[in-house]
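Now for the letters of each chain:
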Amino acid sequence: SGGSGSGDGGGDRPGVAGETLTLTTTTSTDDTGLLDELHPPFEGMYGVTVDAVAQGTGAALETARAGDSDVVMVHARSLEDEFMREGLGVNRRDLMFNDFVVVGPESDPAGIEGMSSATAAFAAIANASAPFVSRGDNSGTHTKELAIWAQSSAEPGGDWYRETGQGMGQVLNIASEQGGYTLSDRGTYLSQRGEVDLVILVQGPIEGGPDTLANPYGVMAVNPAVHDSVNYDLAMAYIGYLTSPQAQDVISNYEANGKQLFFPRALSEDPDFQQYVPEGWSSSEGR
Amino acid sequence: MMGPGLDTVLLGPLLVEFPFEATYVRSIISVSLYVSLIAVALSTLVSVPVAVLVGLSDFRGKGVLTSVINTGMGFPSVVVGLAVLFLVSNQGPLGALDLVFTKEAMVLSQFVLATPPVTAISLAAVTGVDRGVRDAAHALGGTRVDTALVVVKQARYGVATAVLAGFGRAISEVGSVLIVGGNIAGADGVSKTRTLTTAIQLEARQGRYGTAMVLGAVLVGLVLVVNAVVVRLGGRGVGG
Amino acid sequence: MMGPGLDTVLLGPLLVEFPFEATYVRSIISVSLYVSLIAVALSTLVSVPVAVLVGLSDFRGKGVLTSVINTGMGFPSVVVGLAVLFLVSNQGPLGALDLVFTKEAMVLSQFVLATPPVTAISLAAVTGVDRGVRDAAHALGGTRVDTALVVVKQARYGVATAVLAGFGRAISEVGSVLIVGGNIAGADGVSKTRTLTTAIQLEARQGRYGTAMVLGAVLVGLVLVVNAVVVRLGGRGVGG
Amino acid sequence: MFRLEGVSVSSGAETVLADVSVAVGTGEVLAVIGPSGVGKTTLLDTLALSTRPDEGVVRFDGTAAWAAGRGTRLGVRRRLGMVFQEANLFDASVRRNVEYGLRVRQSWRERVGGAIRGRLLSNRLVGWLRRLRATVGGDPTAPDGGSAGRSTAVEEALGVVGMADAADRHTASLSGGEAQRVAFARALAYDPDLLLLDEPTSDLDPRNTAVIEEAVATARDSGIGVVLATHDMHQAERVADRVAVLLGNGVVERGPTAQVFEDPAEERTRKFVAGELVY
Amino acid sequence: MFRLEGVSVSSGAETVLADVSVAVGTGEVLAVIGPSGVGKTTLLDTLALSTRPDEGVVRFDGTAAWAAGRGTRLGVRRRLGMVFQEANLFDASVRRNVEYGLRVRQSWRERVGGAIRGRLLSNRLVGWLRRLRATVGGDPTAPDGGSAGRSTAVEEALGVVGMADAADRHTASLSGGEAQRVAFARALAYDPDLLLLDEPTSDLDPRNTAVIEEAVATARDSGIGVVLATHDMHQAERVADRVAVLLGNGVVERGPTAQVFEDPAEERTRKFVAGELVY
Ligand SMILES: Nc1ncnc2c1ncn2[C@@H]1O[C@H](COP(=O)(O)OP(=O)(O)OP(=O)(O)O)[C@@H](O)[C@H]1O
Ligand SMILES: Nc1ncnc2c1ncn2[C@@H]1O[C@H](COP(=O)(O)OP(=O)(O)OP(=O)(O)O)[C@@H](O)[C@H]1O
Ligand SMILES: [Mg+2]
Ligand SMILES: [Mg+2]
């Protein structure tokens, strides 16, 4: 394909040993500790180092856009698609998924417990003018939240709707302190369950909830044709590793507080797969 | 986060079309100034007397105390934020006052952060005041307060720098205000506890570096104005 | 994030069982100290001469320059981080040096943050030095450098406070090092660009407030030690 | 009557004064003479309650100052005027310096009022306030008490030392002698009961020295006690009623001026006065 | 030969010196007398190249100092010793103060070496370095050049003013007269060609005054030029070869000492010397 052989080290070196792969990812991915399980086998395999930089979704993509990282792992499908469309990414692969849950105070003033539709739950919260704490930061979670509001009959706004512009952990804290609802990824909620007075009121697909609450993670290499300084070969090797049975096993075995956090997706029977194709190329040459 | 402005295309790192409504920016500025100015005013009220007291007396352990005050200049803001959060959170000792995620809690944490630098720098300034002038203020019939006032006046340039350093620390700080304030803005774009720094951080996390820089420029401009006013007032004070 | 330590039950805000391996904490401390000390050393090398130069001369616009220096004390760290990021990023002017997400980039941003307070506070200290002493240093045959050395020596307490304020700012700062350093630690728990502050922020983000506070205590202890050493050295210097 | 009784003062390991007693009454000038570094300044500082003696009593009209409370000592200090060996002027205008003693003797109410009238308010605002005061029942033409009295005394004290024209100058711009004269005016302005003068004419030419000496004589005649530390033997002869000679760690000789200079009991005194003493 | 030629100096709006010319040769003492605030200190500052005159030339051995480069002026300043009206001592030990002039005249290499030997290195380390130097070919017993010479000169200068015992004291603990004597030693230590003395004995008793005056005479006899600003007419008579009288904005009278004091051309001079001049 178009960018082969333009990796950082060039082709004249015997191997990749000693090289560094820079990964930008979202804080929620890094915070779970999954990467610390995933990376050692890969690093051992090639004698390389993976530098994982946890940023906001937007910043992670922005860093990759500037060519300061070699590979990106995020969970914001619309932004990922845009990144690919602009020709900045190569070889986007579905990696894994978990799900979102709607959490709120045990007293549940809006009465949404057990609802099977997130949109209905949001509408009920809006109707009751019960406090709702929004990430407000264009993260994957925030994007999802806005999508749900858009589908629901209600308009977010007014005194009860608070934008915090913070990470998930902080938002859970604020919701807990203010007796409000929020949309959270399951992993962060589970790891913080002990410290906040919040319970799951609407489940995600993992526990039988609606598919709208699914949270898929993707991984993309930065296009070496745009930034010739990126370590493309190693990025591709990394993506290959992540989507291999070995890494997918690591993902399905990874638990926090006795709960599985992520569900592998790369080895499904119908793998989702996007490839960047330079403009003007015929689609048959894409692979 | 503000409806229409949001999707404005960024033209480049600094060549952005300003994507906010004026109310949003105005309300953020006013929260920033409110919190920082009140916190620094309180810090000054505490720090300058403490600096004078410590600076003018000799006692065992003065060196240790000075080290402790200086150490305060290195308090990590996140830790201060957490400590204040424990204090004001529902279960904390001040829980009943309902201060979590309010401007008042932010004032408290900024106060804790600004006080050490204001004290330490004032202390250095006060220590530099000529001993003879102190003696004169005392011997000519001054009370301890009179002497302290003379000393502060002699050290006014250093004390003003101390206050400005405290103000700089308070208004530029993001770690603690984020934690205790929560960076909350209403859906209508009116800031409740969002400051310029937390707004900048929010933009930066989203990779909207251009707008972050614009807000940063606003912040720096604001600080410049406050500094110019203080230097102006200080300059006038020299004659008196 | 270190495997086994992770699930350690937090007993309370400060009564935590320490959940880190010693290597992890040691490597974080060493990155923190490396970055802050080098940055402050560089700041001092730049700031003190500038402060002396500005402080000892009279020129039009000195007030404005002073205001600008003071304003630097209010630079928001996130903005400084972004600015440095633009500089060192792949496409930036220093892109060829490959500094993104390295300790060197962190030193650069800390340098930018520490320099204004060190300069402003040194300037205040130098300005307070008795005019007669300056004249003596000059009239007795000193070069400009000799005079500057005498002035700095007279103002040593203030200058030491300036350096400590810069160090405090550098080591407690989180916004810019996070952006330019990336808070990177290897899967083996060895920090590459993770500092105490970014580690604290990481813990706080995950709600592990207890461990955040423990790391905060380590940081404060470290600052205290550095301060005590400086005060000690400064104290010894008085006699000479 | 102001006195030191058996006072010992040390600085660091060194004993400066050992078992020193001196007394000065109202309307009397006591000169303290002695070589450089003997302890004249230390003695004056002890009288001014700036230095606390290791032993002995500092007594003012019968009250032991250090045994009494802080308030009593403040009261004592308020009866003192001091001119330091170095001018020790405040970094402010000459007027602010000379006002200082008067200002700190006013109540906070008077001081704030004076400050506002003097500095912050424009004339228009003052006029407005006057009218307001008149409306609520006061007399709008009444003088401003404190502030006006203050400025008269300040002008007078500056007039004595020939510095009346310099009231608005900043002290940093004064020559050595000018600074010394302002320091003298500062100590005089609030009409103290005891004047402590540490080499008050060391930087002055003959004419200005004479002016200061006249002022001292006038003060003495109006019942003020004066302690004058000086190395100028002629000056001591001219203005002092009594002389105390400090040598070593204490007073080796004391008595009426004429006696000490013309017929000293100690050979060392004679040598010192003649400039022959090698110590 | 050092001279001011038609020098005018103003500070702020005020003219302090207008069209003043004075000269002092080697081996000559010039006394500058005049009332408080007339401009004696300003004149000395101008000679010391600390104040740049608005008009006129400051000439050293024919070279106009302000027309020449910075390096030339540094060279000139290195030939000067100055005692200020206020002691202006550095906040350090007496020794460091008196060393200053010598230190700044050494090369950086010597200075760093001296500092290391004097302060940072323990004796053990010095011994070790000596042995090292011996091994690489030097002479281990050779004296340390700069540092040793420095300390001898310092001790000598302090000895002249009777302060040799005080070398290790900090200047903050000195009495007024002690500080003045150290300042004199500081100006003397590096053997200047021109000594500028601004009221150098104002805080000294007769005996110490005599010591300083003797030192001035000795300096003069060894070919050093001296400018002495003083308000002490007797001192001027005792030590000066020539006298310049400053009144108003300039020199109203100059000449050999005896002539100025005994037969002044100006009535004002006579009055000033007698302490009668009211200006
Ligand atoms: N920075 C300044 N600004 C304004 N006026 C000044 C400044 N420095 C000195 N002067 C004025 O210049 C004049 C001369 O001062 P100078 O110190 O030379 O006098 P002097 O002859 O040394 O007097 P003295 O015997 O009192 O020391 C004085 O009137 C003084 O007030
Ligand atoms: N802080 C101090 N530490 C140590 N010694 C001190 C201190 N202050 C004063 N001294 C010493 O005390 C002695 C007396 O000092 P003092 O100033 O009283 O002398 P003085 O008689 O006023 O001398 P002069 O005529 O020189 O002003 C001096 O030897 C001085 O060095
Ligand atoms: Mg004295
Ligand atoms: Mg003078």
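What comes next concerns the included structure. (Residues numbered from 1 in each chain as written. Chains lettered and ligands numbered in written order. Predicted model: local features only at pLDDT ≥ 70, side-chain atom pairs only at ≥ 80, totals over all residues. Heavy atoms only, no water.)

## Remarks on a nonpolar patch on the surface
And then number 1: On the surface, Tyr 34, Ile 38, Leu 42, Leu 45, Val 46 and Val 50 of chain B cluster together into a nonpolar patch covering about 490 Å² of accessible area.
And then number 2: If you trace the backbone, Ile 38 of chain B turns up in helix 1 (residues 22–56). (Patch = residues over 30% accessible without salt bridge, like charges linked within 9 Å, V, L, I, M, F, W, Y side chains within 5 Å. Areas by Shrake-Rupley, 256 points an atom, 1.4 Å probe, with all protein chains shown as cover. Salt bridge = Lys/Arg side-chain N within 4 Å of Asp/Glu carboxyl O. Helix = DSSP H or I, 4+ residues; strand = E, 2+ residues; numbered from the N terminus.)

## Details of the interface of chain B and chain C
And then number 1: Taken together, the contact pairs 46 residues of chain B with 46 residues of chain C.
And then number 2: In total, about 3,800 Å² of surface goes out of reach between chain B and chain C, with carbon and sulfur atoms giving 79% of it.
And then number 3: Across the contact surface, chain B and chain C share zero salt bridges.
And then number 4: Along the contact surface separating chain B from chain C lie four residue pairs in polar contact (both at pLDDT 80 or more).
And then number 5: Put simply, the parts of the chain that give the side of chain B that touches chain C at least two residues each are helix 2 (62–72), helix 3 (77–88), helix 4 (103–127), helix 7 (156–172), helix 9 (196–205) and helix 10 (209–237) of chain B.
And then number 6: Among the elements that take part in the side of chain B that touches chain C, helix 10 of chain B stands out by supplying 11 residues, more than any other. (Contact = heavy atoms within 4.5 Å. Buried area = accessible area lost by both parts, 1.4 Å probe. Polar contact = N/O pair within 3.5 Å; in protein donor to acceptor, adjacent residues only side chain to side chain.)

## Re empty space enclosed by the protein
And then number 1: Under the defined criterion, the tally for this structure stands at 10 cavities of 30 Å³ or more.
And then number 2: The volume enclosed by the largest cavity comes to roughly 510 Å³.
And then number 3: Residue lining of the largest cavity: 34 residues in total, with Gln 201 and Arg 205 of chain B together with Leu 178, Gln 201 and Arg 205 of chain C positioned closest to the centre.
And then number 4: The set of elements that each furnish at least two residues to the lining of the largest cavity consists of helix 1 (27–31), strand 2 (49–55) and helix 3 (57–65) of chain A, helix 8 (175–181) and helix 9 of chain B together with helix 3 (77–88), helix 8 (175–181) and helix 9 (196–205) of chain C.
And then number 5: Per-class residue counts for the lining of the largest cavity are 12 nonpolar, 18 polar and four charged. (1 Å grid on protein atoms, 1.4 Å probe; cavity = no way out; pocket = protein on both sides within 12 Å on 5 of 7 lines; lining within 4 Å. Points joined across faces, edges and corners; volume = space filled by probe spheres on them. Nonpolar A, V, L, I, M, F, W, Y, C, P; charged D, E, K, R; others polar.)

## Quick look at the site of ligand 2
And then number 1: The immediate surroundings of ligand 2 are formed by 17 residues, with Thr 41 and Thr 42 of chain D together with Arg 169, Ser 175 and Gly 177 of chain E found nearest.
And then number 2: The environment of ligand 2 is shared, with nearby residues belonging to chains D and E.
And then number 3: Gly 39 of chain D places a polar main-chain atom, nitrogen or oxygen, 2.7 Å from an oxygen atom of ligand 2.
And then number 4: Between ligand 2 and Lys 40 of chain D there is a distance of 2.6 Å, counted from an oxygen atom to a backbone nitrogen or oxygen.
And then number 5: In isolation ligand 2 has 640 Å² of accessible area, and contact with the protein removes 80% of it.
And then number 6: Among the elements of the structure, helix 1 (40–47) of chain D together with helix 7 (176–188) of chain E are those that each provide at least two residues to the shell around ligand 2.
And then number 7: Here the residues of the shell around ligand 2 are counted per class, giving two nonpolar, 11 polar and four charged. (Near = heavy atom within 4 Å.)

## Things to note about the relation of the copies chain B and chain C
And then number 1: Rotating chain B by 180° and translating it 0.0 Å along the rotation axis places it on chain C, where the RMSD comes to 0.1 Å. Viewed as a symmetry operation, the transformation between the two copies matches a two-fold axis.
And then number 2: In this assembly the copies share their binding face: 100% of the residues contributing to the interface of chain B also contribute to that of chain C. (Least-squares fit on C-alpha atoms with pLDDT ≥ 70 in both.)

## Section: the site of ligand 1
And then number 1: For ligand 1, the set of nearby residues contains 17 residues, the closest of which are Arg 169, Ser 175 and Gly 177 of chain D together with Thr 41 and Thr 42 of chain E.
And then number 2: Ligand 1 is flanked by residues contributed from chains D and E.
And then number 3: Interatomic distance of 2.6 Å between a side-chain N/O atom of Ser 175 of chain D and an oxygen atom of ligand 1.
And then number 4: Here ligand 1 loses 80% of its free accessible area of 640 Å² to cover by the protein chains.

## Description of helix 5 (residues 131–139) of chain C
And then number 1: Regarding helix 5 of chain C, the residues found buried are Gly 132, Val 133, Arg 134, Ala 136, Ala 137 and Ala 139 of chain C.
And then number 2: Against the buried residues of helix 5 of chain C lie helix 1 (22–56) and helix 6 (144–154) of chain C together with helix 2 (70–77), strand 6 (80–83), helix 3 (94–104) and helix 7 of chain E.
And then number 3: Backbone geometry just downstream of helix 5 of chain C places Gly 141 of chain C in the positive-phi region, at approximately 105°. (Buried < 20%, exposed > 50% of the residue type's maximum accessible area, 1.4 Å probe, protein only.)

## Some points on the sheet that holds strand 6 of chain E
In any sheet, the strands associate via hydrogen bonds between backbone groups, in a parallel or an antiparallel arrangement.
Residue and element names in this part refer to chain E.
And then number 1: Taken together, the six strands give an open sheet; going across it, the order is 6-7-8-3-9-10, and neighbouring strands pair in mixed fashion. The strands lining the two open edges of the sheet, one partner per strand, are strand 6 and strand 10 (250–256). Recorded for the sheet is a direction-independent mean angle of 15° between the axes of neighbouring strands.
And then number 2: Summarising the sheet, strand 3 (residues 29–33) and strand 8 (residues 225–229) pair through four bridges and their orientation is parallel. Paired with Val 29 across the strands is Val 226, a residue of strand 8. (Pairing = 2+ DSSP bridges. Axes fitted to C-alpha atoms, helices over the stretch in contact; angles between N-to-C directions.)

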